[in-house]
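Chain by chain, the residues run as shown.
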Amino acid sequence: MSNRNWFYASEGQQKGPLPEAQLRDLIARGTVRADTLVWTEGMSGWQKAAEIPGLVPGAGAPPAFPQAGGPPQVVASGSYSGGPLSVDFGIWDFTWRSLVCSIASCFIIPAPWMIVWYLKWLIPHIHVPGRPNLSFEGTAMTIVPWFFGGVVVVIAASMSGYQSLNILVLLVEVALYWLFFKWFVGSLASNGQPLGLSFSGSFWAYLGWFVLTIVSAITIIGPAWVYAAWTRWFCRNIEGTRHEVIFNGTGLEFLWRGIVAIIGFSFIIPIPWVYRWLMQWIASQTVLVERGS
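Only a predicted model underlies this, so the values are computations on that prediction, with no experimental measurement involved.

**Q** Go over the overall build of the chain with me, naming the residues and quoting the values.
**A** When its secondary structure is counted, the chain shows 9 helices and 14 strands. Relative to its full complement of 293 residues, the chain shows a buried share of 39%. Pairs at least 24 apart in sequence give 62% of the contacts found in the chain among residues at least 6 apart. Summing over all exposed atoms, the chain offers an accessible surface of approximately 16500 Å²; the carbon and sulfur share of this is 66%.

This is how it looks when you write it as structure tokens:
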């Protein structure tokens, strides 16, 4: 019998640590059931007792992935624990999917469907503390009206020959990105159930950040600090969660990573590795914390 100490969840509270012998006694008495969440050193997160091989008589599951550190926080039903996000994906899988998505999107018409296809692959590779099996449930038909509406406006403006309409085109493009963020956040799910999230940032605030980025380009290095502040604003406006979403990255960190990325992109071949490296850093700087902390 293992000499590990165990924790288990009861009514939204963390119990333990307990020797394994005591945990097995609780299982035998029915205090800890097959669907009770348990954790011990070496597990990546809380799992049902039935999913731990050999713990519950008659139940079996693949072993947990190892991870150092203390037990994840257990919170009441309907909420989730805090901590940084993480992301990882296979380089070759990422490369061919990105190429297919980019080529298909060049033809414009398949773009909405390719975006959904790509996000349905990418989002499950993002790990949120306490939210297993993250997925993207958005549909292409949701974005088709405003996507092709924007395309029509851009084409009409370019054919008119009036330079003054360039401002209208810019506003349409910004509006499309803003709508995309709202649709993206609202389409996230966990275990197939919608998370109920929403993006509350206004269009005019989003436009202001966009303009500030353009103006800051005069300083060459200024956009790095604007991107950091813009990302923090974006995270603050994600609603529907009992935790705050905080971005801790700084402008200086954005700057030197941006320089490294530009150098890496110039050689073309390292692009997938550099892109994954950037995404992993951004995820590690995005943290869930108790509101008001």
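Now that the structure has been shown, the text picks up again.
**Q** If you had to explain the nonpolar core to someone new, which residues and values would you point to?
**A** Grouped together as the largest cluster of nonpolar side chains are 48 residues, with contacts concentrated most on F89, I123, F136, F184, V185, L188 and W233. Broken down by element, the residue count for this core peaks at 8 residues, all from helix α7 (residues 222–236). Those residues in contact with I123 that lie beyond four places of it in its chain are L134, S135, F136, F184 and L188. L23, L26, M43 and I52 belong to the second-largest nonpolar core, a separate cluster that totals 16 residues.

**Q** Break down α7 for me, with residues and values.
**A** With 15 residues, α7 extends 22 Å from end C-alpha to end C-alpha; this agrees with the ideal 21 Å at 1.5 Å per step. Among all positions of α7, only G222, P223, A224, V226, A228, A229, W230, W233, F234 and C235 are buried.

**Q** How would you summarise the packing of aromatic side chains if you had to cite specific residues and measurements?
**A** Summed over all chains, the structure comprises 29 aromatic pairs. Judged by centre distance (5.7 Å) and plane angle (55°), the ring pair of F180 and W183 falls under tilted. In this pair, F180 and W183 are both assigned in helix α5 (residues 166–186), 3 residues apart and thus about one turn of the helix distant. The class of F180 is partly exposed, set by a relative accessible area of 23%. Seen in terms of ring centroids, F199 and W233 are 5.6 Å apart; in terms of plane orientation they differ by 90°. Their pairing is edge-to-face. Remark: W233 occurs in helix α7 and F199 occurs in strand β11 (residues 198–199); sequence separation between them is 34 residues. The class of W233 is buried, set by a relative accessible area of 9%. A network of ring pairs unites the aromatic residues F136, F180, F181, W183, F184, F199, Y206, W209, W230, W233 and F234 as a single cluster.

The rules we used
- Residues numbered from 1 in each chain as written.
- Predicted model: local features only at pLDDT ≥ 70, side-chain atom pairs only at ≥ 80, totals over all residues.
- Heavy atoms only, no water.
- Helix = DSSP H or I, 4+ residues; strand = E, 2+ residues; numbered from the N terminus.
- Buried < 20%, exposed > 50% of the residue type's maximum accessible area, 1.4 Å probe, protein only.
- Contact = heavy atoms within 4.5 Å.
- Areas by Shrake-Rupley, 256 points an atom, 1.4 Å probe, with all protein chains shown as cover.
- Core = buried A, V, L, I, M, F, W, Y, C linked by side-chain atoms within 4.5 Å.
- Expected span 1.5 Å × (residues − 1).
- Phe/Tyr/Trp six-rings, centres within 6.5 Å; stacked < 30°, edge-to-face > 60°.

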